[in-house]
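Geometric and topological summary
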Amino acid sequence: PAGPSVTPRHLNKHIDYSDHSPAQAVKDKSLSTPMGMAFSGDGNTVYVAAMGSGKVGVFDTSSLENDSFVPNAANHITLSGGGPTGLILDEVNNLLVVLTRFNNSLSVIDTLTNQEIETHALHNPEPADVVAGRPFLYDASLTSDNGEASCGVCHIGADKDELGWDLGDPNGAVLNNPNPITVGPFINPDFHSMKGPMTTQTLRGMDNHGPMHWRGDRTAGNDPGGDPMDEEEAFKKFNPAFVGLLGRHSQLTAEEMQAFTDYILQVAPPPNPIKALDDTFTPKQSAGENFYFTQNVDGGTCNNCHTLAPESGFFGTSGNSTFEGEPQIFKVAQLRNMYEKVGMFG
């Protein structure tokens, strides 16, 4: 609408969130992770690429504005390739061209029939396991029962949503903490099921970093013969979240979870946009580096816990845990994306 404000619209208002076993028709009506949009020239129609649904939603703009639209699978264009992210409308030729990211192809839609009529594969230099594993992050039809939720809803672009979530389980058990602890423990290090609110962490750069989550409670160390520094087995500990968080009827199979793991451990953060391209530092940055490696802080340097050793794959953590004066023991957090957080709220 015109004016300084934006009015959100819930595309999946048909979902009854108290129903934990929704019918297939509920999933069929859902659109997950809307990405690109294209408006008709007269402004009466908008096409929405729903990345998590493998479909394009077609909406009458006036019904969106007055919120009178009714979610209906008949108003969706199903694509043979999953993960649509962007689209271009060619009204002269009655065509809609959609980029489907899961198979890195272009899907051509006849807008008179709203049917896919052609697909064109694009060159893709990505390894096969990256292509195979990507859908497990974004495909809500595959990973949830109502067709709305996927890991990528919170871990946007395999990153974070800047929100704090309280994912504690009052019915959960206290688990042993087998992870190596650099400082402490001065309190009970075990993992209580009531963890309290914690912000979403990035899924980027987790390779070589051992146990996962803020507390490192996703760890292979509690498995028979398991290594707490095994990040591959640690990531597989997230499989129950498909049921507990996304509402899927079952966990991924061992083969599916392996494919997801093979993909996610290759996802890395982009280069730091603040650092100079020639790797030189400003005087203030040089002073900060000197402080980081030489200044005694709480009995050691910053680097004693937040290990910076790129040649070993460490960018602000060695995977160990420490006592931080908090009620719980925490894994030392990596600092690779700290520039995104410091100062972001002014």
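Quick caveat: nothing in here was measured; it's all calculated off a predicted structure. Within every chain, residues take consecutive numbers counted from 1 along the sequence as written. For this predicted model, a pLDDT threshold of at least 70 governs which residues receive local features, and a threshold of 80 or more governs which side-chain atom pairs are given and counted, while totals over whole chains, interfaces and linings are taken from all residues. Derived side-chain values reflect all non-hydrogen atoms in the structure, with water molecules and hydrogen atoms excluded from consideration.

With that settled, the discussion passes to the pairing of strand β8 (residues 115-121). Relative to β8, strand β7 (residues 105-110) runs antiparallel, the two being bridged by six bridges. Paired with leucine 106 across the strands is histidine 120, a residue of β8. For two strands to count as paired, DSSP must find a minimum of two bridges between them. Helical segments are the DSSP runs of H or I of at least four residues, strand segments are the runs of E of at least two, and each set is numbered from the N terminus. Where β7 folds back on β8, the antiparallel hairpin that results is connected by four residues, among which asparagine 114 adopts a positive phi of roughly 55 degrees.

Within the open sheet, the three strands sit side by side as β10-β14-β15. Their pairing is mixed. Edge strands, defined here as strands with exactly one partner in the open sheet, are β10 (181-183) and β15 (330-331). Bridge count for β10 against strand β14 (residues 321-322) is two bridges, and the pairing is parallel. Bridge pairing in β14 links valine 183 to threonine 322.

Gaps left between atoms are located by rolling a probe of water-molecule size over the structure's atoms. The pocket and cavity definitions rest on a 1 Å grid over protein atoms only: a 1.4 Å probe that fits but cannot leave marks a cavity, an open set with protein on both sides within 12 Å along at least five of seven lines marks a pocket, and residues lining either have an atom within 4 Å of a point. Grid points are joined across faces, edges and corners, and a volume is the space filled by probe spheres set on the points. The calculated volume of the second largest pocket comes to roughly 1,100 Å³. In terms of lining, the second largest pocket is formed by 25 residues, of which the most central are Asn272, Lys275, Phe281, Leu308 and Leu335. Ranked by residue count, the leading element in the lining of the second largest pocket is helix α10 (residues 283-294), at five residues. Any residue outside Ala, Val, Leu, Ile, Met, Phe, Trp, Tyr, Cys, Pro, Asp, Glu, Lys and Arg is labelled polar, Gly included; the first ten of those are nonpolar and the last four are charged. Among the residues making up the lining of the second largest pocket, the classes are represented as 16 nonpolar, five polar and four charged.

The next point concerns the side chain of serine 40. Structurally, serine 40 can be placed in the loop between β1 (34-39) and β2 (45-50). Dropping the residues within four chain positions of it, serine 40 is found in contact with Thr45, Leu89 and Glu91. Any two residues having at least one pair of non-hydrogen atoms within 4.5 Å are treated as being in contact.

Here the focus is the sheet that holds strand β3 (residues 55-60). The strand order across the open sheet formed by four strands is β1-β2-β3-β4, and the pairing between neighbours is antiparallel. The sheet is open, and its two edges are formed by β1 and β4 (76-78), each paired on a single side. With direction set aside, neighbouring strand axes in the sheet form an average angle of 25 degrees. By the bridge criterion, three bridges tie β3 to β4 in an arrangement that is antiparallel. Bridging across to β4, glycine 57 finds its partner in histidine 76. To define axes, lines are fitted to C-alpha atoms, for helices over the stretch in contact only, and angles between the resulting N-to-C directions are given on a 0 to 180 degree scale.

The cut-offs for exposure are 20% and 50% of the maximum accessible area for each residue type, with area from a 1.4 Å probe on protein chains only; residues under the lower value are buried, those over the upper are exposed, and the others partly exposed. Among the six residues of β7, five are classified as buried, and the element is accordingly described as predominantly covered. Judged from the six bridges that link them, strand β6 (residues 95-100) and β7 form a sheet pairing that is antiparallel. Across the sheet, residue leucine 99 finds its bridge partner in β7, namely leucine 106. Here β6 folds back onto β7, and the loop between the two strands holds four residues, one of which, asparagine 104, carries a positive phi near 50 degrees.

With that settled, consider a nonpolar patch on the surface. Residues qualify for a patch when their relative accessible area is over 30% and they have no salt bridge, like charges being joined within 9 Å and the nonpolar side chains of Val, Leu, Ile, Met, Phe, Trp and Tyr within 5 Å. Here the open area of atoms and residues is found with the Shrake-Rupley method and a 1.4 Å probe, where only the protein chains shown may cover a residue. Between Lys or Arg on one side and Asp or Glu on the other, a salt bridge is scored when a side-chain nitrogen of the former is within 4 Å of a carboxyl oxygen of the latter. A cluster of nonpolar residues, Leu163, Trp165, Leu167 and Leu245, forms a patch on the protein surface that exposes about 380 Å² of accessible area. Looking at the secondary structure, you find leucine 167 in the loop between β9 (164-166) and β10. Residue leucine 167 is classed as partly exposed on the basis of its relative accessible area of 37%.

Under the definition given, this model contains 14 salt bridges. A salt bridge links lysine 160 to glutamate 162; the shortest N-O distance between them is 2.8 Å. For glutamate 162, a relative accessible area of 31% puts it in the partly exposed group. As a salt-bridge pair, lysine 195 and aspartate 217 come within 3.4 Å of each other at their nearest N and O atoms.

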